[in-house]
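Breakdown of the fold
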Amino acid sequence: MKKLLLLLLGLSTALGACKKDTFLEPQTNALTEETVFGDSIRTMGFLSRTYQDMGFTFQKGRWSSHGNSEHATDDAEYFFSGAAQVAVQLYSGSFTASTFYGTQNNLSNANNNGSDFWLVPWQNIRRCNLLLSKLSDTPLTPRMRARVAAEARFLRVWYYDQLLKTFGGVPLIQDKVYDITDVINSPRSSYADCVTYLVAELDDLATKLPNADGSNPNAALTGYAAADYGRVTRGAALALKSRILLFAASPLFNGGADSRADAEQRTIVSYPAADVNRWQLAANAAKAVLDLGQYGLIEDNATKPGFGFYSSFLRRYPNQEHILTYERLANRDMEAFYFPSSRGGNRYSMPTQNIVDAFPMRNGRAITDPTSGYNAANPYANRDPRFNNTIIYNGSRVFRAADNAATAVYTYVGAPTDGFDATTYPTGYYCRKMCDTATTANQERGWPLIRYGEIVLNYAEALNEVGNTSAAIDQLITLRRRAGILAGTDGRYGIRSGLAQAEARDLIRNERRIELAYEDHRWHDIRRWKIAEQVNNGFNGRMSIRLVSGTPTATGPGNAVWSYTVVPSLRKHNFRPEMYLLPIPDTEIRKVPLFRQNPGW
Amino acid sequence: MKNLLLIWLLLATVVQGAYAQGRTVQGVVRDREGPVPGVAVYEKDNTTNGVSTDVEGGYRLTIKGKSGILIFRSVNYKLSEVQVGTRATVNVTLESTDQTLDEVTVVGFGEQKKITQTGAVSQVSGKDIRENPSASLQNTLVGRLPGFFAQQPSGRPGGDGANFFIRGVSSYNNNNQPLIIVDDIQYSYDQFARLDPNEIESLAILKDAATTAIYGVRGANGVVVVTTRRGKDGPPQISGRVEVGFSQPTKLPTYLDAAETARLYNQAQINDNNANPAANFKPRFTDDELQLFRNGSAPNSLNANGYDNRGMGNVDWRKELFQNWSEQYRANIDISGGSPRVRYFTSLGYLSQNGMLKEFGQNSGVDANYFQKRINYRSNLDINITKGLEMRADLYGNFAQVNLPHPGSPNSEAFNANDDVFFDYSSFATLAPFAYNIYNPDGSYGYSSWSKDVQSNTNEGNVIGRLNNYGYRRTFENNINTVLQLKQDMGVLGDALKGLSATGRVAYTSNYSYYRQMIRGRNSIPNFIYDPNSATTPYIPRIADLYRIQPYGLGYSAGGTSRALTLQAIINYDRTFGAHHVSGLALYNRNTNTAGNSNSIYNFIPANFLGYSLRVGYDYKERYLVQFNAGYNGSDRFSSANRYGLFPAVSAGWNIAEEPFFKNVAPVFDLLKLRASYGLVGNDALGSGQTYYYVQNYNGSNNTTNNNPNAPITFGQTTPGSTPAGFIEGTLGNDNVTWEKEKKFDGALEFRLLKGALSGSIDYFRNERYDILTTRGTVSSIFGQNLPPVNLGRVRNQGLELELGYQSPLSRAFSYFIRGNYSYAKNTILFQDEPNNQYDYQNFTGNSIGQQRVYIFDGFYNAADLANRDVAKPLTPVQPGDLKYKDLNGDGKIDSYDQSVSGFPSLPNTTYGVNLGVRYKGFSVSVLFQGASNFSVAGAAEAIKAFGSNLTAVHQQAWTPELGDDARYPRLTLQSSISDPVTNRSTFWQVSGNYVRLKTAQINYDLPTAWLKQIGVPAARIYANGTNLLTWTVLDKLYDFDPEISLNATRSNYPPQRLVNFGLSVTF
C-alpha cells in the first residue's frame, strides 16, 4: 500500500517533469495562411468566399433575416415596426452617424444594425487584396493566376462601388493589405478619383475576363468551363462600368452635393460642377454592353402575356438576360420572404398602393390618363402584365399545396389569414416578383445583380438626358414589348409621340421603377435622382377593401362586390436632405482624424 | 456508486483493539452558555470506548485504556483533551471554534492563525451558510461577507446561482469571476453552485494581493476557498436533516385585466390616429365589447367597427400558468468519526427543487415543469499510514437532473433563452388577457383571429396546448471528483526537520452532462377559432388542414464535458523558535483542463497551466508580522515569449495590543492590529471562444458575412450538387498578447475588545488593473479584418469594507448578537482606447464598467412644446406625451449626440448586511438583512413597453394632457417613437434599483432532551428558515420586477424566489 502510494506520487511528479517541454505549446491543427494559400483548392475557396458577399445588398434577408433597403422606399411596407430594426431606422430617418452602425466603439458586423453598408465592402476589399498579394505563392498555373487576379480585381471594384454610391468618395487603398501595426489615417479620395479608378480597372478587366460563353480571347488567361458559370465576365465588367457612369452622371453626384457642403466635401461626395457630357459617357458605356451581342431580353407573350418577364427570374441557365448574377442552389428564398401566410410565406415586404398606381394599363397608358380605361371601382383589370407578375392583389391566384392548384389570395378586411387590418402592417398587397407562383417546389435561380433590362434602362435614361429623347423611347419600347403591353395601333406601346425631355424623364423613371421593382434599385434611384424628399416623405398608401356583397370562392371573386378605400400606412417615412448619402460611421470619424463627414450629418 | 460509498465507509470504521482498566469517571460538559448535550466523550487511546453527554451535559464513562486521557469532541467546539489523573469527576468547559483569537483562517494552500494574518480574508462557517436554504451555494453568501458582491437574476431550478464578484469588478472583458478553490483544487462555477452546504466546514474569500498572489496569474479576481468537513477522532457521529420548503417568486409582474387592457389599447389607437388621421377611423373594441370584458366575458365576432375579434377570451394567465407555491425538499445524512489511524467524513445529500408552473403535460405523459433533482455525495478519508505519513483520499461529486419545459415561445428555437414561458407571460402580442379562450365549448384548444392575424408574428398557438403537448428537455449531469494526497511530516525524521512537511496531490475532475428531450415541433397541435355566429364552420382551424396532434420526437445530445487533472507538490514549513515564528510554503502546480468548445478549432483542446508558488512568513512574538508571497506561472494562452510571469506580494502587520506598553494603556483591547499588503496578481481568463490569441486561424466558411440565412453562392451551368467550400481569414493574431495584471493595495485596522464581545475591522483597498485585453477602438474598419485584442486597458477599483459585531456574554441564558458589514467598491475606467468622442459626456472612459450612454429625461412634450421652435426635438416626428430629453450639445435637435454616460452599472457598488440574533436557552432566532445600492435597472420591450409587454398599473398612468408631467409613462402608442425604451434608452427607463431585503431568517428550537431520551435520540432540533423573505425597493415606481434583474432586461424571466423552509435535524 505504502509503496503503491509513493509510486503514485513519484509518477505524478515525473509526468509533470517529462512533458514540460511541450506542455504549454498550442495544440490545434487549424488552418493558417500557409495551408490555405499553399493549396490550389483552398485558394479557389478563398476566392469563392469573396464572391459570397457580392449580393449582400440584394439579398432579401439582409437585416435580421427580413429587412432590406426596399423598405426604405415608397415601394414596400415592412412587416416589422420595431424602432431598432435597421430598415425602420432607414425609412423613418431616425438614425444618426453614431447609432446606425451599432453602438459599440468598435464597428462590428452584426445583422441587427446598418454596419454592413460600411464593413462588408471593406472586408471584401481586404480579401481581394490579400488574395492578390498571395497569388504568386499559390500552386495555380500562371494563366489561372492571371484569371483569378482578374476576378478578384472585378470583385474589388464591385465592393468599392457599393461604398461609392452609398457614401460618396472613400479612401482608395490600392493593393494595400493592412497589418496589425499599421496606422490608418488617409483622407477620403474625391468622387472623381474614385470613378476614374474604378472605370480604369473595369476597362482593363474587359480585356481580360472571359466572355459570357466562357471563352477568353486573351490568351494570357484561362477561360471558364461549364462549371464556372456564375463567375464574373467581360460583360459584367462593361455593365458595371455602365452603372457606375450612370450614377456619376446622375443629379446627386453630377454637381448635386448638399447645399451645406463646403468645397472639400463637395469634391468628396460629387463632381463639384455638373457636366451633361457625363450622360454621354454613361450612354456610351451602356451601348457597349448592348453591342456585345452576348445578352438580350427573354420574351414570351405567347404562353401568357408577360410570361417572358416572369420566367426570366426563375431560370438559372441558360439566361441571356443575366449579366451578373448571384447563383443559388434550388431554394424558395423569395417565396418564403414575400408570399402571404396562406402560401407559407413571411410577407416581410409588402407592396404599397404607390407602386401599384405606377403600373400602366395593358395598353401602356398611365392610370392617370383619362384615355387609359382605368376604373377605380375595378382597379386591377387590364393592367400592364408586369403588374400581375409583380403584385399579388385581392383575388390573385397563387399555387397552394393543399388545393394542388392556384387558388385566390384574398386581402379584403376580414378575409381569412391574409386579410387587411387597419391597425397593423398589411397593405392589401403581396409581392409576386421573382417568386414561383405555379409550384411549391424548390427552384434554382440567380439573383439578377445586373441584368440586360437595367442596361436598356441605363441607356434610355442617358440618351434622354443628352437630348436624344426619341432614341430613348425606342429603348423603352423594347422593354414594353417584352413585358406584354399591347403595341397599339401606332405601335408605340402606349407612349405618346413627341414627348418633351422632362416628360420622357418621368416616363423613363417610372418604367425603371416598375421594371426593376424589388431588385435593389429603388432606394439608390430615388437618391441619385434626388427625388426621395418628394416621394419618400410621408405615409405610403395601403388598400382597404371591403366585401360589399356576394361570396368570393377559392377560384375567384365570383359574385363578390368590393369597395376600395386607400388608407395611409401606419408609419411615416422621413427623408431629410442629408440622407441622400449615408453618414460615415461616427466611430470612423473619431478614429481617422482626416476623414470628413458627409454634409449635413 | 452507492455500494462503493458503503464499502468506503466500512473500511474507514476499522475497529481498534481494546483492553480494560476499569475506573469510572463522570462530569458535566459546558460551554460559556451552559451545558452542552451530545458531546462525544471517549478515551484517547481507545476511541471505541465513548459516550455522548446528555441533556444536562452530563456523562459517565468507565476507563478502559491506559492513557487516562479523555477527549471531548463536538461540532463547532474545539477538541478538548483532559488528563483524568485520579479524579473521579471531570468537568469540562469547551471553547467555541468561532470565538477565540486562536481561530484560524483559511488561506491559499493552508491555514493561518487569525492573529498573525496579514492579508484580507473574510470567512463564514458552514453553520451560517446552512441557515439559508437556497439551492445554489453562492446565494447563501450574500450579505455575510464584506467584499462579496452578487446579483441573482434568475430563480430557475438548476439555474438560480447568482453572479458574484469579490470587491466588484476590475475588467471590462467579462472575466471578473473569482477563482474557486475547493480543498485546494480549482472548481468551476457550476460545480461550485451545486456544492451541498452540509459538506462545508468553512468558506473564505481572499481579497488582497497578500492572499491571492500565490495563485499568480489566476488570482486577480479574488479567490473563494472552501474547505469541506473532515472526520475527527471519536466514535461515529451520525446526523441527519430533513427539510421541506415552499417557494414563490419575490416578484412576478401582475398585469391588468382584459377590460382595462382593451380600453388602453383603444386609447393607443386613438392616439395614433390623431397623429395620422384616417377616414372613418374607429378603434378596435366597441363599447359593447368593452362591457363584455367588464362582465368577465369576451367578444367573439366580426365587430361593428370592422375588426375581426372572433375567438377572444378573458383569461387571468397568471392563475392559469403558475402555482402559488412550489416545493423544495432536502435531506442530508452524514457520518463522521475516526480512530487514530483513520478518520472519515461521509455524507449523502438529496435536493429536489420544483418549478412554479402548474402541472402541464400529464395528459400526454410528460413532466413539463421546471425542476432540479440533485444527489450530492462525499467521502473524505484521512489515513495515517506510517508515523508521519498521512494519506487523504476524497471522492465526491453530484448527480443532477434539470428539467426544462418547451413552451415553443414565439420567435425562438427550442430551448434557447427565448423559449421560455415567461416570455409568453409578459408578451402582450402572445398573451394579452383577451388573447383567446383556453378551451372551446367542444373541449378543443381555443384561439382567436387576433392572435392569428393581427399578432401574426407571434402566432404560435394556444399556450396551454403548447405546454401540455410540446414536451421537455432533461439534462443529466454527472460530476465526479477524486483527490489523492500523501503528506509526509519530515519532523519524524529528525528534530532539525521539525515543522517541515511534503505533500503530493493528484486531483481529477470529470464533468459530464447530456440531455434527452421529447418534443413536438412548431404548429404540431390543432387550435380552433370558435365562431358561434357561423352556422357552417363554427370551428376555424388555426392552421388549415391540421386536425391531429402530431407525434413526439425524441432527442439526445451530449452536453458540456470537461475533465481537469491537477498535480500539486507542496513543501510546507512552520516552526517557532522562541519568540520567532517562521513559516513557508513552496508549491508546484500543474493543471490541464480539457473541455468542449463551440468553436470547433478549440473543441477538446486542453488548456494547460503550470505554476510555482512561494510563501515566506515571519513574526516576532505575534507582534510584528511580515509575509512574502509569490506566484510564478505559465499558461498556454500566450506565445512562448510571454508565457511566464512573476506575481509577488508583500504584507506586514503590527499587533499593537501585544505591545507591553499598550496593554497597560488600554487593556480593554484583546486585539488591535494594523496590516497592509501590496502586490501584483494576474488574470489569464481572457474571454471565451478563442484559446490562442496569438495564432491567426483561417476558417472554412460558406455563410455570407451578414448571417444571410444560408444563401451561399454556387457556380456551374448544370445543376450544381453543392456550393464551393469557402475559406476565410480569421481574426489576426497578436503575438504579444499577455495576461491582465492588477496591482493591489490593502490597508486595514482590526480590533477586538471587551473579551471578544465587540470586534470589527476597516479595510481600504485600491486596485489597479492594467494590460486589460482591449480590441483597439481607434483603428478604422477600413482595415477590413477583425483585430486581435491587445493589452492596453486600465481600470482602477477602490473601496472600503467595514465590519462590526457585538456578542453579548454567552454564559447567560439569554444572549444576543449583532453583526454588520458594509462594502463599497467603485471602479473607474482609466483607459480603453476609446475613439475621440465629439463630446466629453459621451466618453465611457472615466466612468465605471457597464455604465450606459442614455438620454437625460426632462419631462414630457406637451402641445406648447411642439409649437415652440426653441424646444429641441428629435429627427422623427413627436407627439404630445412623448419623452423629452435634454439637448446636451445645444444644437436644437435631439439625436444620439445628446446621450451621455449616466446612471450606474447594473452591479451595485455598495452592499451591506446586518445580522441579528437572540437566543434563550434552546430557542434562537436570527435574521439577516441585506441591501444593495448604487446600481441601475432598465427594461425594454416585453419588460415595460406598452403593447410589447402586457399592461401594468403604470400604463394606466400614461401621459394625457390632464396628467402632464405627473404621468408615470409616456403616451400610449402602438408605433415606435422617441420614447421607445429599446432604441432610445433614457434615464426615464434607467432607474435606481436600490433595495433592502430580509435575506434570511431562522428560528431554531432544540428539543428538550427529556423528551428525546424517551425515544433514544441524543439531540434534535427543529427549525424554520427562509430566504428573500421581504424586499423593499425603489424599483417598483416603474417596474414590477425583482430588483436584481439584469440591465436592459427585455422581458420577465424566471424570477428569483422567496423560500420558506422547515427542517428537523437529529444527531446520534
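Residue positions are given per chain, counted from 1 along the sequence in the order it is written. A letter from A marks each chain and a number from 1 marks each ligand, given out in the order of writing. Reporting in this predicted model follows two pLDDT cut-offs: at least 70 for local features of residues, and 80 or more for side-chain atom pairs to be given and counted; totals over whole chains, interfaces and linings ignore these cut-offs and use all residues. The side-chain numbers reported here are obtained from all heavy atoms of the structure, hydrogens and water having been left aside.

1. Structural notes on the overall build of chain B
Here is the rule: Secondary structure follows DSSP: runs of H or I at least 4 residues long count as helices, runs of E at least 2 residues long count as strands, and numbering of each begins at the N terminus. Exposed residues in this analysis have more than 50% of their type's maximum accessible area, buried residues have under 20%, and partly exposed residues fall in between, with area computed by a 1.4 Å probe over protein chains only. Here, two residues are considered to be in contact whenever any of their heavy atoms come within 4.5 Å of each other. Residue exposure ignores everything except the shown protein chains as possible cover, and the areas themselves are Shrake-Rupley values with a 1.4 Å probe. When charges are counted, neither His nor the chain ends are considered; positive counts come from Lys and Arg and negative counts from Asp and Glu. Note that the charge is assigned to NZ on lysines, CZ on arginines, CG on aspartates and CD on glutamates.
For chain B, the helix and strand inventory stands at 15 helices and 52 strands. With the C-alpha coordinates aligned to their principal axes, the bounding extent of chain B is approximately 110 × 70 × 70 Å. Counting only residues that meet the buried cut, chain B has 60% of its 1068 residues in that class. Relative to all contacts within chain B whose residues are 6 or more apart in sequence, the contacts with residues 24 or more apart total 70%. On chain B, roughly 40400 Å² of surface is accessible, and the fraction owed to carbon and sulfur atoms is 54%. Looking at charge distribution, chain B has the averaged site of its 97 positive side-chain charges lying 6 Å from that of its 92 negative ones.

2. A short note on the interface of chain A and chain B
Our working rule: Each of two parts loses accessible area, computed with a 1.4 Å probe, when they are put together; buried area is these two losses added. The salt bridge criterion pairs a side-chain nitrogen of Lys or Arg with a carboxyl oxygen of Asp or Glu, the two atoms within 4 Å. A 3.5 Å cut-off defines polar contacts: any pair of N or O atoms within that distance qualifies, except that in protein one atom must be a possible hydrogen donor and the other a possible acceptor, and neighbouring residues in sequence count only when both atoms are side-chain atoms. Classification convention: Asp, Glu, Lys, Arg as charged; Ala, Val, Leu, Ile, Met, Phe, Trp, Tyr, Cys, Pro as nonpolar; all other residues, Gly among them, as polar.
Contacts between the two partners involve 112 residues from chain A and, on the opposite side, 112 residues from chain B. Its largest share of buried area at the contact with chain B, chain A owes to A:Phe23, A:Leu24 and A:Arg590, together 9% of the area lost on that side. Here B:Glu729 ties to A:Arg126 by a salt bridge, and the two come within 2.9 Å at their closest N and O atoms. Seen at the junction of chain A and chain B, the total is 31 residue pairs in polar contact (both at pLDDT 80 or more). Elements represented by at least two residues in the side of chain A that touches chain B include exactly helix H1 (2–18), helix H2 (20–23), helix H3 (33–37), helix H4 (40–52), helix H6 (116–134), strand E2 (322–331), strand E8 (443–451) and helix H21 (586–591) of chain A. Of the residues assigned to the side of chain A that touches chain B, the class counts are 51 nonpolar, 31 polar and 30 charged.

3. Focus on the state of the cysteines
Disulfides are covalent bonds that link the sulfur atoms of two cysteine residues. Residues and elements named next belong to chain A. Put simply, the rule is: When two cysteine sulfur atoms lie within 2.5 Å, the pair is treated as a disulfide.
Counted according to the given criterion, the structure contains zero disulfides over all chains. Note on cysteine 128: no disulfide assigned, nearest cysteine sulfur contributed by cysteine 194 at a separation of 16 Å. Looking at cysteine 128, the relative accessible area reads 1%, which means it is buried.

4. Quick look at the packing of aromatic side chains
The following threshold applies: Note on aromatic pairs: the rings of Phe, Tyr and Trp (six-membered ring only in Trp) are paired at centre separations within 6.5 Å, and the planes decide the class, stacked below 30 degrees, edge-to-face beyond 60, tilted for the rest. Here, a charge over a ring means that NZ of Lys or CZ of Arg falls within 6 Å of the ring centre while also lying within 35 degrees of the ring normal.
Tallied over the full model, the rule gives 96 aromatic pairs over all chains. Consider the rings of A:Trp122 and A:Tyr160, whose centres lie 5.9 Å apart with planes at 80°: the pair is edge-to-face. You can see A:Trp122 sitting in helix H6 and its partner A:Tyr160 sitting in helix H7 (residues 142–167), a full 38 residues away along the chain. By relative accessible area, which is 1% here, A:Tyr160 ends up buried. Residue placement shows B:Lys373 over the ring face of B:Phe371; its charged tip is 4.0 Å from the ring centre.

5. Some remarks on the confidence of the model for chain B
Residue and element names in this part refer to chain B. To keep it simple, the criterion reads: Looking at any residue, its pLDDT shows the predictor's confidence there, from 0 to 100.
Chain-level statistics for chain B give a pLDDT mean of 88 and a share of 95% at 70 or above. Mean pLDDT across the secondary structure elements of chain B bottoms out at helix H1 (residues 2–12), with 45, and peaks at strand E22 (residues 446–447), with 96. Within the model, the stretch residues 4–20 combines pLDDT values under 50 with 22 contacts to residues more than four positions away or in other chains. The ipTM for the predicted assembly is 0.89, set against a pTM of 0.84.

6. So, the pairing of strand E10 (residues 121–125) of chain B
Residues and elements named next belong to chain B. Filter applied, for reference: Two strands make a pair as long as DSSP finds a minimum of two bridges between them.
A large share of E10 lies buried, amounting to four of its five residues. With five bridges connecting them, E10 and strand E15 (residues 200–206) associate as antiparallel partners. Looking at the pairing, valine 121 lines up with leucine 206 of E15.

7. Side note on the nonpolar core
Which entries qualify depends on this criterion: By convention a nonpolar core is built from buried Ala, Val, Leu, Ile, Met, Phe, Trp, Tyr and Cys residues, the set being connected through side-chain atoms within 4.5 Å.
In terms of nonpolar packing, the biggest core is built from 179 residues, with A:Met54, A:Trp118, A:Phe154 and A:Tyr160 touching the most fellow members. The element that contributes the greatest number of residues to this core is H7(A), accounting for 14 residues. Apart from the residues lying within four places of it in its own chain, the contact partners of A:Met54 are A:Leu155, A:Trp158, A:Tyr159, A:Leu324, A:Thr325, A:Tyr326, A:Leu449 and B:Ile713. Grouped together as the second largest cluster of nonpolar side chains are 53 residues, B:Leu264, B:Met312, B:Ile894 and B:Leu1035 included.

8. A closer look at the sheet that holds strand E2 (residues 40–43) of chain B
Residues and elements named next belong to chain B. We count it as follows: Geometry is summarised by axes, namely lines fitted to C-alpha atoms with helices restricted to the contacting stretch, and by angles between N-to-C directions that run from 0 to 180 degrees.
Spatially, the four strands line up as an open sheet ordered E3-E2-E5-E6, and their pairing is antiparallel. Either end of the sheet is taken by a strand with one partner, and the two such strands are strand E3 (50–52) and strand E6 (80–83). For this sheet, the mean inter-axis angle between neighbouring strands, taken without regard to orientation, is 20°. By the bridge criterion, three bridges tie E2 to E3 in an arrangement that is antiparallel. When the sheet's bridge partners are listed, tyrosine 42 is paired in E3 with glycine 50.

9. With respect to H4(A)
For clarity, the cut-off: One less than the number of residues in a helix, times 1.5 Å, gives the span that helix is expected to have.
Between its first and last C-alpha, H4(A) extends 19 Å over 13 residues, near the 18 Å set by a 1.5 Å rise per residue. Counting buried positions over the 13 residues of H4(A) gives ten, a clear majority of the element. For H4(A), the complete set of buried residues consists of A:Thr43, A:Met44, A:Gly45, A:Phe46, A:Leu47, A:Ser48, A:Arg49, A:Thr50, A:Tyr51 and A:Gln52. Considering only its buried residues, H4(A) is in contact with H3, H6, H7 and E2 of chain A together with strand E34 (698–700) and strand E35 (727–729) of chain B. For H4(A), the side-chain oxygen to backbone nitrogen distance between the N-cap and A:Ile41 is 2.8 Å, and the N-cap itself is A:Asp39.

10. Observations regarding a nonpolar patch on the surface
Note the cut-off: The patch calculation keeps residues exceeding 30% relative accessible area without a salt bridge and links them within 9 Å when they carry like charges or within 5 Å when they are nonpolar (Val, Leu, Ile, Met, Phe, Trp, Tyr).
Where nonpolar side chains cluster on the molecular surface, the patch consists of B:Leu614, B:Val616, B:Phe628, B:Val650, B:Tyr678, B:Phe745, B:Ile762, B:Tyr764, B:Leu800, B:Leu802 and B:Tyr822 and spans about 870 Å² of accessible area. Of all the secondary structure elements, the ones that give two or more residues to the nonpolar patch are strand E30 (607–620), strand E37 (758–774) and strand E38 (790–807) of chain B.

11. Brief notes about the pairing of E38(B)
Along any regular strand, the residues point their side chains to alternate faces of the sheet. Residues and elements named next belong to chain B. Sheet topology note: the E37/E38 ladder contains 16 bridges and is antiparallel. Note that in E38 the partner of tyrosine 770 across the bridge is arginine 794. In the sheet, E38 pairs with strand E39 (residues 814–831) via 14 bridges, with the strands oriented antiparallel. Residue pairing for E39: glutamine 807 is matched across the bridge by phenylalanine 817. The loop that links E38 with its antiparallel partner E39 comprises six residues.

12. A closer look at the sheet that holds E22(B)
Residues and elements named next belong to chain B. Read across the open sheet, the three strands follow the order E22-E25-E26; overall the sheet is mixed. Looking at strand neighbours, the two that pair on one side only are E22 and strand E26 (539–541), the edges of this open sheet. Relative to E26, strand E25 (residues 528–530) is paired through three bridges, and the arrangement is antiparallel. Residue pairing across strands places isoleucine 529 opposite isoleucine 540, the latter belonging to E26.

13. Let's talk about the side chain of A:Arg316
Mapping A:Arg316 onto the fold places it in the loop between helix H12 (307–312) and E2. Judged by relative accessible area, A:Arg316 falls into the buried class, the value being 4%. Here B:Thr718 takes part through its backbone oxygen, which lies 3.1 Å from a polar atom of the side chain of A:Arg316. With near-sequence residues (within four places) excluded, A:Arg316 lies in contact with A:Tyr229, A:Glu327, A:Arg328, A:Glu444, A:Arg445, A:Gly446, B:Gly716, B:Gln717, B:Thr718, B:Thr719 and B:Pro720.

14. Remarks on the environment of B:Pro835
Residue and element names in this part refer to chain B. Inspection of the secondary structure puts proline 835 in the loop between E39 and strand E40 (852–854). The exposure class of proline 835 is buried, given its relative accessible area of 3%. Taking the C-alpha atoms as reference, proline 835 lies 27 Å from serine 1046; in sequence the two are 211 residues apart.

15. A short note on unusual backbone geometry
Cis geometry is found at the peptide bond from A:Tyr317 to A:Pro318, where omega equals -5°. When you line up the elements, A:Pro318 lands in the loop between H12 and E2. Even without being a glycine, A:Arg347 presents a positive backbone phi close to 30°. Within the secondary structure, A:Arg347 is located in the loop between helix H13 (333–338) and strand E3 (349–351). Positioned with a positive phi, B:Asp183 is a non-glycine residue whose angle comes to about 50°. Along the polypeptide, B:Asp183 turns up in the loop between strand E13 (179–182) and strand E14 (185–187). Accessibility expressed as a relative area gives 8% for B:Asp183, which makes it buried.

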